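# A structural walkthrough
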Amino acid sequence: MPTNANDLMVITVVKKLGAYIITVTEKSPKKFRGVFVVRMKNYCLDTLENLLEANFIRMDSLENKNKRAEFQKQAIIKLKLLGYISMLAEISGCILKRQYKQISIQVAESINLITAWKKSDDARWNNKK
C-alpha cells in the first residue's frame, strides 16, 4: 500500500488500518460481507476522506479553522463507528478476536493522533491572536 512521505502520521495510520481491514475481511463468510465488511471498509474510507479534507484547509480564518475542526471531529466519529462495527463483527464470527484487537489498537492510535492534531491546531490558532 503506497503512502506519501508528506502525509500526516494520522493519514498514514488510517491508510494502514484500511489495508489491514481489507486483508482480514478477504476470507470473511459471505453472509457478513454486506453487513460488516462493507461498513468497516466504508468507515475507514470516510475517515481518510475527512482527514484529507481537513488537511487541505488552511487555518487563515476562523471559518476555515472551524471547518477543519469539523472534518477532524467527523473522522473521530467514523473511527468510533468503525470500532463498534468491528466489535459486532468479532462477536458474530466475521473476524477473529485477535483481528478485532488489532483494529481496536489502530483505531485508538488514530483517534489519539487526531486529538493531538486538533490540540496543535488550537494552540497555533491561539498563538496567532
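Structural data are supplied above this passage.
This structure is a prediction, so every number in the text was calculated from the model and none was measured.

## A few points about helix α2 (residues 30-56)
In this model α2 runs 38 Å from its N-terminal to its C-terminal C-alpha over 27 residues, within 8% of the 39 Å that 1.5 Å per residue would give. At Phe36, α2 shows its maximal kink, close to 40 degrees. Within the sequence span of α2, burial applies to Phe32, Phe36, Val37, Met40, Tyr43, Cys44, Thr47, Leu48, Asn50, Leu51 and Ala54. Looking at the buried positions of α2, the neighbouring elements they touch are α1 (9-25), α3 (62-92) and α4 (97-128).

## Some details on the environment of Asp122
Topologically, Asp122 is positioned in helix α4. The spatial distance from the C-alpha of Asp122 to the C-alpha of Ala69 is 9.2 Å, given a sequence separation of 53 residues.

## Describing the side chain of Thr47
As for its placement among the helices and strands, Thr47 is situated in helix α2. Thr47 sits in the buried class, given a relative accessible area of 0%. Ignoring sequence-local partners within four residues, the contact set of Thr47 consists of Val14, Ala75, Lys78 and Leu79.

## A few points about the state of the cysteines
Simply put, the disulfide is a covalent bond whose two ends are the sulfur atoms of two cysteines. All told, the structure shown has zero disulfides when counted by the stated rule. Among the cysteines around Cys44, which has no disulfide bond, Cys94 carries the closest sulfur, lying 15 Å off. In this structure Cys44 comes out as buried when scored by relative accessible area, which is 5%. Residue class for Cys94 comes out buried when judged on its relative accessible area of 6%.

## Considerations on the pattern of salt bridges
If you walk through the whole model with that rule in mind, you get seven salt bridges. A salt bridge links Lys97 to Glu90, with the shortest nitrogen-to-oxygen separation between them at 3.7 Å. On the basis of relative accessible area, Lys97 is assigned to the exposed category, the value being 59%. What you see here is one network of salt bridges that share partners, running through Arg68, Asp121 and Arg124.

## What about the packing of α2 against α4?
Contact pair α2 / α4: the axes reach a minimum separation of 13 Å and the direction vectors enclose 20 degrees. It follows from the interaxial angle that α2 and α4 lie roughly parallel. The crossing of α2 and α4 is left-handed. Taking contact as the criterion, the partners of Met40, Leu51, Ala54 and Asn55 in α2 are, on α4, Ile103, Ile114 and Trp117. Of the residues assigned to the contact of α2 with α4, the class counts are six nonpolar, one polar and no charged.

## A word on the side chain of Ser86
By the secondary structure assignment, Ser86 is in helix α3. Reaching out from Ser86, the side chain makes a polar contact with the backbone oxygen of Gly83 at a distance of 2.9 Å. Non-local contacts of Ser86, meaning those with residues more than four positions away in its chain, are made with Met40, Ile95, Tyr100 and Ile103.

## Some remarks on the nonpolar core
In this structure, Leu17, Met40, Leu51, Leu82 and Ile103 are the most contacted members of the largest nonpolar core, which totals 28 residues. For this core, the elements supplying multiple residues, two or more each, are α1, α2, α3 and α4. In terms of residue count, the dominant contributor to this core is α2 (nine residues). The contact partners of Ile103, leaving out residues within four places of it in the chain, are Leu17, Tyr20, Ile21, Val24, Met40, Ser86 and Ile95.

Calculation notes
The numbering scheme is per chain: residues are counted from 1 as the chain's sequence reads. Two thresholds apply to this predicted model, a pLDDT of at least 70 for residue-level local features and 80 or more for giving and counting side-chain atom pairs, whereas whole-chain, interface and lining totals are computed over all residues. The side-chain values count all of the structure's non-hydrogen atoms but skip hydrogen atoms and water molecules. A helix here means a DSSP run of H or I that spans at least four residues, while a strand means a run of E at least two residues long, and both kinds are numbered starting from the N terminus. Take the number of residues in a helix, subtract one, and multiply by 1.5 Å to get its expected span. In this analysis the local bend is the angle between axes fitted, respectively, to the seven residues ending at and the seven residues starting at the residue. A 1.4 Å probe rolled over the protein chains alone gives each residue an accessible area, and that area as a share of the maximum for its type sets the label: buried under 20%, exposed over 50%, partly exposed in between. Pairs of residues are marked as contacts when any of their non-hydrogen atoms sit within 4.5 Å. Sulfur atoms of two cysteines make up a disulfide when they are within 2.5 Å. Salt bridges are defined as contacts in which a side-chain nitrogen from Lys or Arg sits within 4 Å of a carboxyl oxygen from Asp or Glu. Inter-axis angles, ranging from 0 to 180 degrees, are taken between N-to-C directions of lines fitted to C-alpha atoms, where helices are fitted over the stretch in contact. With respect to orientation, any angle under 35 degrees is reported as roughly parallel, any angle over 145 as roughly antiparallel, any angle of 65 to 115 as roughly perpendicular, and every other angle as oblique. Crossings are sorted by hand: turned counterclockwise from the far helix by less than a right angle, the near helix makes the crossing left-handed, and turned clockwise it makes it right-handed. Polar here means any residue other than Ala, Val, Leu, Ile, Met, Phe, Trp, Tyr, Cys and Pro, which are nonpolar, and Asp, Glu, Lys and Arg, which are charged; Gly is therefore polar. In the analysis that follows, any N or O atom pair within 3.5 Å is treated as a polar contact, provided that within protein one partner can donate a hydrogen and the other can accept it, and provided that, for residues neighboring in sequence, both atoms belong to side chains. We define a nonpolar core as any set of buried Ala, Val, Leu, Ile, Met, Phe, Trp, Tyr and Cys residues linked to one another through side-chain atoms lying within 4.5 Å.

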